[in-house]
Each structure stands twice: as structure tokens, then as C-alpha cells.
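The lines below spell out each chain.
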Amino acid sequence: MTFETSSNLKNKSRNKLPHFPNQSGHLCTFIPLILGTLFLSLTSQGTIGQELLINEFMSDNESTITDQDGHYVDWIELYNASSESINLSGYHLSDDATIPNKWAFPDIEIDSGAFLMVYASGKNLIGPELHTNFKISADGEKLLLTNPAGEVIDQWSAVPLIPDQSYGRIPDGGETILAYDQSTPAGSNGLVNQMLLSKSSGFYSDDFQLTVVSLLGDSVYYTLDGSVPTPSSNLYESPILISDVNSEANVLSEVQTSTDEFWLTPDGNVPKGTIIRLASYKDGVQSSSVISRTYFVNEQGGYQPEMPIVSIIIEQESLFDHDTGIYVQGVNFDPDSPLWTGNYYQKGLEWERDAHVEYFDDTGEMEFAQDAGIRVHGGGTRRLPQKSLRLTARSEYGRKYFYHPMFEGRDCEKYRELLLKTSMASWRAETIINDAYASSVVEEMNLESLHQKPVAVYLNGEYWGIHYLSERISEKYLEYVHEVDEDSVDIIAGNYDLITIGSNSDY
């Protein structure tokens, strides 16, 4: 399969991490030429047919696998494609073409059809684990494998990687190279199915047919309502029409999310996009991660953005179910105490829900997309129709951080938590700017202030109003802003006795 490099990925510096056309939580991010859009192929430049190959590697391991010391380090996976075992004495790995023999393998064997893990940690260890004397730059650098004669038998191009993403061959030892957000260290790359989509999330002026390719030929199922696909969902059999849905009736925005005192339905149809979630199954067992996409089609002249957009894709029951929905009155509502009860007042990890988050800048270009946790945030604003939301990146969802320099003037490229704050965060004042304006006023003073900016939020493709995207005061915030160890932070609210983080013993 022939590929060409997307211009998106060239010359990306670390102050703006690379974003890939099809990037989302746990999926393959490349699109084949036959589907008529840009994609990457980063096939290795060694001689195909070699018996020993670099099969997969990862240069920014933040949560995938640890070494014997419990450290997340870079790694390289070798594969023996021959019919016999190979002794690795005399073979070398390097990240520098001018020093091809930078790190030497010990006198060990790799069996036929076997995988060998080498940690590119810089620790230079030989033992139960193999560790090279170099690390791999996430900004992209070559990898070379040489044989005892000093010949380069496999080399990989210098390519940038996002955290916990790997590049690997499919099938094992094959010619096609794909980016994996669900890597398989020391395992076959064919264990997890990869799906390729003909269109990335984004904004389009015309209807189009969405084509999906399942590389292992597994059955693909999809949904259009935010639910996770199962074998009972729609079976993908032919391209899916993605069209302008702005004139369709409101659905989620008609769900009552507060008491009658505060509730108002939208005045007319709200703007809309199409969401789709896909997953593959083999013999009734899920064989891929869930892929989530948002498509905005406007046939009245395309998209003219005025502010960034956050698209949240989530199971409707996670928000609106009577027993478990975090956005409704639900089972925890007490009519005798209507202002301070309801599901939306529940707190803690058990009231956090799995969602997919996509962030588009004010030109409509997607800057990041990943699965994350979402929960209702705030105090008295929880009782109101539009609620503040907390977004949390966790390794359980895929990535530990949101990787993007979110705020102008803030020298930070990754965030563990982000807030989507509503206008009601200023004691029901009829403005959305009070809190953000107050923070901006004190920015030049010796006071802590949060960076914020307005964004348009879409919930399962339905416009959900303007929110302020904001940092959140926490031990993690203090760590990246003031470079203090988060474990040494105490945060105390109220008058001494409300402990948010740590303890009040020193205070």
C-alpha cells in the first residue's frame, strides 16, 4: 500500500503537539489513498523480506507499559519473521545514522515468530530486560537496525509521535506501517483490529459518504446517538451518508435538566452536527477500540467559526438516566429540598462518566481528541439547566493528559483537568464574562488567576451553548504553574476545616 505524508505533521514543534487527521482515543490514525484523502505511511526503509525487523516502537510512553523499575520509558519491539531462531550477537540498534553501532545486543536468541522488547531508556542495561544507551525523541528521529556485517537491515523514518502512540507493521513483519493508539508491546499487531475512515472529524460544506475499512475484515457496527456500538447496533455494509442536520428536531436539549423554576426549552432548533461511533467485532467479541467522530455539515456556505468548539460524545444514559444520569434530577432528587438535591449534586469518581472529547480551534481545525472522564462541577449552579462540567484525562480512558497549549500566555502544553464553566458561575448574573473578567483584571498582580476563554459546546452533536473553558485550581495546577511537587500541596477551603487536598496540620 502506498502512502504520502500529510502536511499536518511536518515541522511540528513541541510547543504545539502534532495532531493527526484521524486522531481519537484508541484507533488507527491513517487513511488509505483509495479513500481519497490525506494520510500517512511511514514504511521502513529497510529491505522488506529481511528476517529480523523493527516491528513496533513507542517514543513517548506515558501510561502504556513500565520497565522493571516501574518507569514509563520508550520501547522498541523486534520480530523474527524467519523460520529459524536468530542469534543477536553482533546486531546493533541506533538512533543516529552516523553511529549505526550505538547499542549492541548481547549473545541471546530470538525464536522464529517471536517478539523481543528492548527499552530505549538510556539506562544501558543487559539482563532480564534489555535497555539501550539512548532514548527516542518524540519529535521524531531515525531508528536503525544493523546486522553483524554492519549493514542497515531496517530503518524507520523520523516521525513525530503523540503520547502513548506507537508505529507498527501490519501484519507482523509486513510492509504497511500504521499509527496505533492501542499498542501491542511484545505482542502481535494483528491482535487488535484497526479501522480506517475516509473523513476526519471536522467541518464540511457538502454532504458526503463516509467509508470505513476494517483491516482485519471484522464486522463493523456503528451508532449515531452516542452509545457504544454492539452487535445489536447498525451493521456497516456500505458508505454512510453524512449530511446537513441543522434543520432536524432538537432531542437532548428538550430533556428537562432542572426544576420547573429554572427550566426553559430552547427557542427553535439549535445548530447540530452528526456524531458517529464505531467498533468492530469478531465472533461476537469486540476486536477494536471505539472510534468516535463529529461531523459538522452546513450547506449554506460552510463553517465560519467565531470561537473554539468542544464536542462531547457520550452515552445518553450517562447524562439523563433516572438512576445514573449525572445531568438530571433523577433518583436523588428530594421535592422537599429542591435546591440542593438531585443526581447533579452527587460527587466523586462514582459520578464520573466516560466520554469522548474533541477540541476544534477557531478555524475549525481539530487540535486534540481523546476519551476522558466527565462530571458535573460547581455548587449552586448544579441546579440550573446548563451546568458546569469538569473534564479529566486519565490513563484508564487512554491518555493521562490533554495535550495542547490551551491558553495564550500560559506556558503549559498538557493539562490533567479542564473546566467548561457556565454563565451561572457568577451567582446567576445575566452575563457569562464576570468570572473570566475578574481573573483577567488581577493577572498582573501577585494573585493566583485562572486562564479562561469562551468556547461553543456541542453535546452529542447538539449545540449546548457558550461555556468558558478554564483551568481548575488543584494540586496538579499548582505543579505545572509553580513547579511544586503535587504531593506536597495542601489546599484548604472555608475557615481552616474544609480540606480539599492534603491536610491542615501545618496550617
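Scroll up a little and you will see the structure.
Presented here is a report on the structure given in the accompanying data block. As the structure is a computational prediction, the values presented were derived from the model and not from experiment.

Rules and cut-offs
Residues numbered from 1 in each chain as written. Predicted model: local features only at pLDDT ≥ 70, side-chain atom pairs only at ≥ 80, totals over all residues. Heavy atoms only, no water. Helix = DSSP H or I, 4+ residues; strand = E, 2+ residues; numbered from the N terminus. Buried < 20%, exposed > 50% of the residue type's maximum accessible area, 1.4 Å probe, protein only. Polar contact = N/O pair within 3.5 Å; in protein donor to acceptor, adjacent residues only side chain to side chain. Contact = heavy atoms within 4.5 Å. Pairing = 2+ DSSP bridges. Phe/Tyr/Trp six-rings, centres within 6.5 Å; stacked < 30°, edge-to-face > 60°. Lys NZ or Arg CZ within 6 Å of the ring centre and 35° of its normal. Salt bridge = Lys/Arg side-chain N within 4 Å of Asp/Glu carboxyl O.

### Some points on the side chain of Asp 95
- Take Asp 95: it is sitting in the loop between strand S4 (92–94) and strand S5 (103–104).
- Judged by relative accessible area, Asp 95 falls into the buried class, the value being 13%.
- Engagement of the side chain of Asp 95 in a polar contact is seen with the side chain of Lys 102, the distance being 2.7 Å.
- Apart from residues lying up to four places away in sequence, Asp 95 is in contact with Lys 102, Phe 134, Lys 135, Glu 141, Lys 142 and Leu 144.

### A short note on the sheet that holds S4
- Strand order in this open sheet of four strands is S5-S4-S8-S9, and the pairing throughout is antiparallel. This sheet does not close on itself; its edge strands, each paired only once, are S5 and strand S9 (152–156).
- Pairing of S4 with strand S8 (residues 143–146), which is carried by three bridges, proceeds in the antiparallel orientation. Residue pairing in the sheet places Ser 94 in a bridge with Leu 144 of S8.

### Describing the packing of aromatic side chains
- The final tally for this structure, using the stated rule, is 22 aromatic pairs.
- The interplanar angle of 75 degrees and the centroid separation of 6.2 Å between the aromatic rings of Phe 320 and Tyr 327 together place this pair among those described as edge-to-face.
- For Phe 320, a relative accessible area of 16% gives the class buried.
- Clustering of aromatic rings is evident, with ring pairs tying together Phe 203, Phe 296, Phe 360, Tyr 458 and Tyr 463.
- A cation over an aromatic ring shows up here: Arg 383 above the ring of Trp 340, its NZ or CZ 4.3 Å from the ring centre.
- Its end group placed over the ring of Phe 407, Lys 453 keeps NZ or CZ at 5.7 Å from the ring centre.

### Observations concerning the pattern of salt bridges
- With the rule as written, the count across this model stands at nine salt bridges.
- Across the pair Lys 123 and Asp 69 runs a salt bridge, and its minimum N-O distance is 2.8 Å. Residue Lys 123 is located in the loop between strand S7 (115–120) and S8, and its partner Asp 69 is located in the loop between strand S1 (52–58) and strand S2 (74–80); the two are separated by 54 residues in the primary sequence.
- Given the relative accessible area of 43%, Asp 69 is considered partly exposed.
- Of the charged contacts, one joins Asp 95 and Lys 102 as a salt bridge, the two residues approaching to 2.7 Å between their closest N and O atoms.
- Put simply, Asp 67, Asp 69 and Lys 123 are held in one network by salt bridges that share partners.

### Structural notes on the pairing of strand S10 (residues 166–170)
- With five of five residues buried, S10 lies mostly within the body of the structure.
- What you see with S10 is no split at all: Ser 166, Gly 168 and Ile 170 on one side and Tyr 167 and Arg 169 on the other are buried throughout.
- In terms of strand pairing, S1 meets S10 through three bridges, oriented antiparallel. Across the sheet, residue Met 58 finds its bridge partner in S10, namely Ser 166.
- When S10 meets strand S11 (residues 176–180), the two strands line up antiparallel, connected through five bridges. Residue pairing in the sheet places Gly 168 in a bridge with Leu 178 of S11.
- Hairpin connection from S10 to S11: five residues lie between these consecutive antiparallel strands, with Gly 173 at a positive phi of about 80 degrees.

### Looking at helix H3 (residues 475–482)
- Within the span of H3, buried status applies to Glu 475, Lys 476, Tyr 477 and Leu 478.
- Those residues of H3 that are buried are in contact with strand S31 (491–493) and strand S32 (498–501).
- Positioned one or two residues after H3, Glu 483 has a phi angle of 55 degrees, which is positive.

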